[in-house]
Amino acid sequence: MAAATAAAGRAGLGFLRGLRLPGPAAVRGLRAGGGCLRQQEFTSLEEKPQFPGASAVFIDRLEFIQPNVISGIPIYRVMDRQGQIVNPSEDPQISQEEVLKFYKSMTLLNTMDRILYESQRQGRISFYMTNYGEEGTHVGSVAALDDTDLVFGQYREAGVLMHRGYPLDMFMAQCYGNASDPGKGRQMPVHYGCKDLNFVTISSPLATQIPQAVGAAYAFKQANTNRVVICYFGEGTSSEGDAHAGFNFAATLECPVIFFCRNNGYAISTPTSEQYRGDGIAARGPGYGIQSIRVDGNDVFAVYNATKEARRRAVAENQPFLIEAMTYRIGHHSTSDDSSAYRSVDEVNYWDKQDHPISRLRHYMVTRNWWDEEQEKSWRKKSRKRVMEALEEAERKLKPKPQLLFSDVYNEMPWHIAKQQTALERHLKQYGDHYPLDHYEK
Ligand SMILES: Cc1ncc(C[n+]2csc(CCOP(=O)(O)OP(=O)(O)O)c2C)c(N)n1
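Cut-offs used in this document
- Residues numbered from 1 in each chain as written.
- Predicted model: local features only at pLDDT ≥ 70, side-chain atom pairs only at ≥ 80, totals over all residues.
- Heavy atoms only, no water.
- Near = heavy atom within 4 Å.
- Polar contact = N/O pair within 3.5 Å; in protein donor to acceptor, adjacent residues only side chain to side chain.
- Areas by Shrake-Rupley, 256 points an atom, 1.4 Å probe, with all protein chains shown as cover.
- Nonpolar A, V, L, I, M, F, W, Y, C, P; charged D, E, K, R; others polar.
- 1 Å grid on protein atoms, 1.4 Å probe; cavity = no way out; pocket = protein on both sides within 12 Å on 5 of 7 lines; lining within 4 Å.
- Points joined across faces, edges and corners; volume = space filled by probe spheres on them.
- Helix = DSSP H or I, 4+ residues; strand = E, 2+ residues; numbered from the N terminus.
- Axes fitted to C-alpha atoms, helices over the stretch in contact; angles between N-to-C directions.
- Parallel < 35°, antiparallel > 145°, perpendicular 65-115°, else oblique.
- Left-handed = near helix turned anticlockwise from the far one by under 90°.
- Contact = heavy atoms within 4.5 Å.
- Core = buried A, V, L, I, M, F, W, Y, C linked by side-chain atoms within 4.5 Å.
- Buried < 20%, exposed > 50% of the residue type's maximum accessible area, 1.4 Å probe, protein only.
- Phe/Tyr/Trp six-rings, centres within 6.5 Å; stacked < 30°, edge-to-face > 60°.
- Lys NZ or Arg CZ within 6 Å of the ring centre and 35° of its normal.
- Pairing = 2+ DSSP bridges.
- Patch = residues over 30% accessible without salt bridge, like charges linked within 9 Å, V, L, I, M, F, W, Y side chains within 5 Å.
- Salt bridge = Lys/Arg side-chain N within 4 Å of Asp/Glu carboxyl O.
- Right-handed = clockwise from strand over helix to strand, strands pointing away.

**Student:** Can you walk me through the site of the ligand in this structure?
**Tutor:** Lining the immediate surroundings of the ligand are 17 residues, of which Tyr155, Arg156, Thr237, Asn264 and Tyr266 lie closest. Separating an oxygen atom of the ligand from a side-chain N or O atom of Gln154 is a distance of 3.1 Å. Within the side chain of Glu235, a nitrogen or oxygen atom sits 3.3 Å from an oxygen atom of the ligand. If the ligand stood free it would expose 590 Å²; the protein chains cover 73% of that surface. For the shell around the ligand, a count of residues per class yields 6 nonpolar, 7 polar and 4 charged.

**Student:** Any chance you could explain the layout of surface pockets here in plain terms?
**Tutor:** Rolled over the atoms, a probe with the dimensions of a water molecule shows which regions are left empty. Of the voids in this model, the largest pocket is the one considered here, and its volume is about 450 Å³. In terms of lining, the largest pocket is formed by 25 residues, of which the most central are Gly177, Gly185, Lys399, Pro400 and Tyr440. Where the lining of the largest pocket is concerned, the elements lending two or more residues are helix H6 (168-176) and helix H15 (415-431). Ranked by residue count, the leading element in the lining of the largest pocket is H6, at 3 residues.

**Student:** Would you mind showing me how to read the packing of helix H7 (residues 209-223) against helix H8 (residues 241-252) here?
**Tutor:** How two helices pack is summed up by the angle between their axes together with the distance between the axes. The interhelical angle for the contact between H7 and H8, taken along N-to-C directions, is 20 degrees, at an axis separation of 7 Å. Of the possible angle classes, the one that applies to H7 and H8 is roughly parallel. The chirality of how H7 crosses H8 is left-handed. Residues Ile210, Pro211 and Val214 of H7 pack against Asp242, Ala243, Gly246, Phe247, Phe249 and Ala250 of H8. Looking at the contact of H7 with H8, its residues break down into 7 nonpolar, 1 polar and 1 charged.

**Student:** So what exactly am I meant to see when it comes to the nonpolar core here?
**Tutor:** One broad trend across soluble globular proteins is that nonpolar side chains are buried collectively. In this structure, Met112, Phe301 and Leu361 are the most contacted members of the largest nonpolar core, which totals 76 residues. In terms of residues, this core owes the most to one element, helix H3 (residues 96-121), which gives 10 residues. Setting aside chain neighbours within four positions, we find Phe301 in contact with Val78, Met79, Ile85, Pro92, Ile94, Val99, Phe102, Leu361 and Tyr364.

**Student:** What is the right way to look at the packing of aromatic side chains in this model?
**Tutor:** In this description, an aromatic ring pair is defined by two values, namely the gap between the centres and the angle between the planes. Applying the stated criterion across every chain, the model contains 16 aromatic pairs. A ring pair is formed by Tyr266 and Tyr342, whose centres lie 5.9 Å apart and whose planes are at 50 degrees; its orientation type is tilted. Highlighted residues: Tyr266 in strand E7 (residues 266-267) and Tyr342 in the loop between strand E10 (321-326) and helix H12 (345-354), separated in sequence by 76 residues. When its relative accessible area of 22% is taken as the criterion, Tyr342 is described as partly exposed. What links up through ring pairs into an aromatic cluster is the set Tyr266, Tyr328, Tyr342, Tyr350 and Trp351. The ring of Trp379 has Lys104 sitting right over it, with the charged end atom 4.9 Å from the ring centre. Above the face of the Tyr266 ring, Arg343 is positioned so that its terminal group lies 5.3 Å from the ring centre.

**Student:** Looking at this model, I keep getting lost on the sheet that holds strand E3 (residues 150-152). Mind explaining?
**Tutor:** The strands that make up a sheet are held in pairs by hydrogen bonds between backbone atoms, and each pair lies either parallel or antiparallel. Overall, parallel pairing links the 6 strands, which are arranged E4-E3-E5-E6-E10-E9 in an open sheet. The two strands at the open ends of the sheet, each matched to only one other strand, are strand E4 (199-200) and strand E9 (291-296). For E9 and E10, the ladder comprises 6 bridges, and the chain directions are parallel. Paired with Ile293 across the strands is Ile323, a residue of E10.

**Student:** How should I be thinking about H6 in this particular structure?
**Tutor:** Judged by how many residues are buried, H6 sits mostly within the fold: 7 of 9 residues are covered. Within the sequence span of H6, burial applies to Leu168, Phe171, Met172, Ala173, Gln174, Cys175 and Tyr176. Summarising the contacts, the buried residues of H6 are in contact with H3, helix H5 (158-163) and helix H14 (373-396). Downstream of H6 by a residue or two, Gly177 has a phi angle that is positive, lying close to 55 degrees.

**Student:** Looking at this structure, I do not really get the packing of H6 against H14. What am I missing?
**Tutor:** Two numbers describe how H6 lies on H14: the axes approach to 9 Å, and their chain directions differ by 45 degrees. Compared by their axis directions, H6 and H14 come out oblique. The crossing of H6 and H14 is right-handed. Residues Leu168, Asp169, Met172, Ala173 and Tyr176 of H6 pack against Arg386, Val387, Ala390, Leu391, Ala394 and Glu395 of H14.

**Student:** Got a minute to help me understand a nonpolar patch on the surface in this structure?
**Tutor:** Together, Tyr218, Phe249 and Leu253 make up a nonpolar patch on the protein surface, roughly 270 Å² of accessible area in all. Its location among the elements puts Tyr218 in helix H7. Overall, Tyr218 belongs to the partly exposed group, its relative accessible area being 32%.

**Student:** It is not clear to me how the environment of Asp355 should be interpreted in this structure. Could you clarify?
**Tutor:** Position of Asp355 among the secondary structure elements: in the loop between H12 and helix H13 (357-367). A residue is classified by how much of its surface remains accessible, and Asp355, at 6% relative accessible area, is buried. Separated by 274 residues in the primary sequence, Asp355 and Arg81 have C-alpha atoms spaced 6.3 Å apart. Look past the residues within four positions of Asp355 in its chain and what remains in contact with it is Arg81, Asn298, Tyr350 and Arg360. For Asp355, the side chain forms a polar contact with the side chain of Arg360, separated by 2.7 Å.

**Student:** How should the pairing of E10 be read in this particular structure?
**Tutor:** Each regular strand carries side chains that alternate between the two faces of the sheet. Most of E10 sits inside the fold, with 5 of its 6 residues counted as buried. Remark: the E9/helix H11 (residues 300-317)/E10 crossover connection has right-handed handedness.

**Student:** Help me out: how do you make sense of the pattern of salt bridges in this one?
**Tutor:** Oppositely charged side chains can pair when the atoms bearing their charge come close. Tallied over the full model, the rule gives 21 salt bridges. Glu317 serves as the salt-bridge partner of Arg313, at 2.9 Å between the closest nitrogen and oxygen. Highlighted residues: Arg313 and Glu317, both in helix H11, separated by 4 residues, approximately one helical turn. Look at Glu317 and you get partly exposed, because its relative accessible area is 37%.

This is the structure we're talking about:
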């Protein structure tokens with residue numbers, strides 16, 4: 001072995017040093033002879049591939065690998081549609097108090113969605129995106145994390161913030177772009193962010209958060225923080241180049257990150273049959289060397305268990321995990337979309353009425369006598385009132401000063417931007433009557 005390595009070095013084949021050669025038989029092929037290598041005869045049976053790019057055996061029959069899309073990766077579930085635990089050994093045994101908290105986050109989100117959706121229909125806010133049907137994916141996953149774990153989202157994960165305790169007024173402040181919005185009214189509604197709750201501000205360009213999340217996870221690993229990053233995205237977003245970049249970097253750089261794909265069947269009007277031809281997103285993970293699982297996204301406990309285990313192993317082993325949560329986007333894509341143009345009302349009704357994450361968890365709670373019709377009614381009323389109060393208050397508030405359009409472009413304002421800011425001030429002094437200045441702070 002030593003002789004072969006030395007000869008390889010002399011012949012400029014230093015890379016061979018890194019190879020783990022299985023034994024004398026394999027070394028036999030490499031022989032020093034006057035400073036250059038000569039190939040010795042192998043029998044076919046003895047030949048083992050030595051390519052650095054893959055660890056595999058030779059085969060002697062031409063055979064293409066068939067993608068396995070007919071019977072795909074199975075969908076892990078804990079509860080059936082009636083809220084019954086299917087396999088008791090998988091029951092996460094979450095306390096009554098915590099299950100109630102899950103339920104309240106999911107339903108409060110649902111109530112906020114209904115009210116803000118209506119508010120957009122009436123032109124009170126410019127845009128909105130509901131989370132209908134995906135509440136279980138948000139709450140089940142975030143509940144399995146530590147509060148210090150960093151979240152990168154897409155835009156349909158408001159339940160994550162809700163469960164971490166983001167106040168209703170702050171959701172409203174962002175959607176209304178009023179003076180209480182930490183984002184200073186600069187982004188479209190639903191582009192939330194909260195430093196205190198470790199939730200990175202949402203941005204519109206799809207998938208850009210994926211490689212960013214991996215970078216943050218790499219930094220956590222370097223700093224030995226025992227924190228993970230979770231990165232949410234849709235199955236449509238997974239077609240972006242940035243998704244590929246993120247998955248591959250996470251695997252090769254061994255980053256403690258959980259990729260959480262919400263596969264809700266649609267990317268606006270594009271059904272999954274036009275998005276990919278493989279077995280969804282979970283099947284891509286092993287191709288990157290990423291541990292992967294597919295779960296029932298309407299089963300909050302299945303989501304919880306998968307995320308909990310992924311979190312535990314991601315920090316312990318410094319490696320990425322991929323969770324594909326199968327669910328259904330019950331609402332329109334956004335308030336700019338009418339989904340009846342591309343899918344049937346019956347299809348939507350099935351998910352809304354027969355397989356909904358909220359009703360499934362309610363069945364579970366009712367079976368245990370943790371919840372009844374009366375509690376449901378009173379909670380619905382109370383949560384509605386809280387949302388309405390927050391909305392009314394947000395509506396009464398002034399919007400941020402127009403000057404704030406110019407700050408934070410850079411950390412310090414460069415002279416040319418300061419000049420534009422002064423020009424706007426001068427302009428408003430002269431022509432302010434033509435602008436809705438009453439609605440803005442001075
Ligand atoms: C780079 C980029 N391309 C296109 C868009 C427009 N766009 C916004 S949302 C969306 C669909 C995303 O679908 P998916 O990732 O499945 O998430 P879902 O909306 O279903 O939750 C598209 C194409 C965008 N915002 N950014």
